[in-house]
Amino acid sequence: MQESPFKGKTGFTRVWNAFHYSMAGLAAAYRNEDAFRQEAWLAVVLIPLALFLPVGGVGKALMIASVLLVIIVELINSALEATVDRISLDHHHLAKRAKDIGSAAVFIALVNVVAVWGLVLFA
């Protein structure tokens, strides 16, 4: 198997390529994943809200980090689902398990948002 021609690049070229791959990934997730779009819009609302609420810097950081964690987990879950679908669209109990576990990770991240925001705002 041949290595990627982009492996081994260093310095600014690597950073530039990585930036473009990341932007392409975000665009693909936004274009193709309904859940990612919903969570992105949730972040657009919650992150500025966290900045304007009268809480300390650590509270703001925790609130923003909890929202960004949802985005990160959703991106990983979407990549996992795309990989499973690329392998086969046939129903298989292991494919279902992988997708269900990815979905559970997103759910836990969302519960984390509620817990963090609740504790910062009301505790």
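Heads up: these notes are all about the structure in this document.

### Some details on the overall build of the protein
Now for step 1: Looking only at helices and strands, one finds 4 helices and 0 strands in the protein.
Now for step 2: Ordered by position in the sequence, the α and β elements of the protein form the string α-α-α-α.
Now for step 3: Against the 2.2 N^0.38 benchmark of 14 Å for 123 residues, the protein shows a C-alpha radius of gyration of 18 Å, more extended than a compact globule.
Now for step 4: Across its three principal axes, the protein shows a C-alpha extent of roughly 55 × 45 × 20 Å.
Now for step 5: Within the protein, the proportion of its 123 residues that are buried is 23%.

### Observations regarding helix α4 (residues 93–122)
Now for step 1: Under the 1.5 Å per step criterion, the end-to-end length of α4 is 42 Å for 30 residues, consistent within 8% with the ideal 44 Å.
Now for step 2: Those residues of α4 not exposed but buried are Ala-95, Gly-102, Val-106, Ala-109, Val-113, Val-116 and Trp-117.
Now for step 3: The inward-facing, buried residues of α4 contact α2 (34–52) and α3 (57–87).

### Overview of the environment of Ser-78
Now for step 1: Tracing the sequence through the fold places Ser-78 in helix α3.
Now for step 2: When the C-alpha atoms of Ser-78 and Ser-103 are compared, they prove to be 9.2 Å apart, with 25 residues separating the residues in sequence.

### A closer look at a nonpolar patch on the surface
Now for step 1: There is a patch of nonpolar side chains on the surface, built from Phe-12, Trp-16, Phe-19, Met-23 and Leu-26 and spanning about 530 Å² of accessible area.
Now for step 2: Among the secondary structure elements, Met-23 is positioned in helix α1 (residues 11–32).
Now for step 3: Judged by its relative accessible area of 38%, Met-23 is partly exposed.

### Details of the environment of Val-113
Now for step 1: Within the secondary structure, Val-113 sits in helix α4.
Now for step 2: On the accessibility criterion, Val-113 (8% relative accessible area) is buried.
Now for step 3: Expressed as a C-alpha distance, the spacing of Val-113 and Ala-65, which sit 48 residues apart in the sequence, is 8.8 Å.
Now for step 4: Non-local contacts of Val-113, meaning those with residues more than four positions away in its chain, are made with Leu-46, Ser-66, Val-67 and Val-70.

Parameters and conventions
Residues numbered from 1 in each chain as written. Predicted model: local features only at pLDDT ≥ 70, side-chain atom pairs only at ≥ 80, totals over all residues. Heavy atoms only, no water. Helix = DSSP H or I, 4+ residues; strand = E, 2+ residues; numbered from the N terminus. Rg over C-alpha atoms; globule rule 2.2 N^0.38 Å. Buried < 20%, exposed > 50% of the residue type's maximum accessible area, 1.4 Å probe, protein only. Expected span 1.5 Å × (residues − 1). Contact = heavy atoms within 4.5 Å. Patch = residues over 30% accessible without salt bridge, like charges linked within 9 Å, V, L, I, M, F, W, Y side chains within 5 Å. Areas by Shrake-Rupley, 256 points an atom, 1.4 Å probe, with all protein chains shown as cover. Salt bridge = Lys/Arg side-chain N within 4 Å of Asp/Glu carboxyl O.

None of the figures reported here should be taken as evidence of function without further support.
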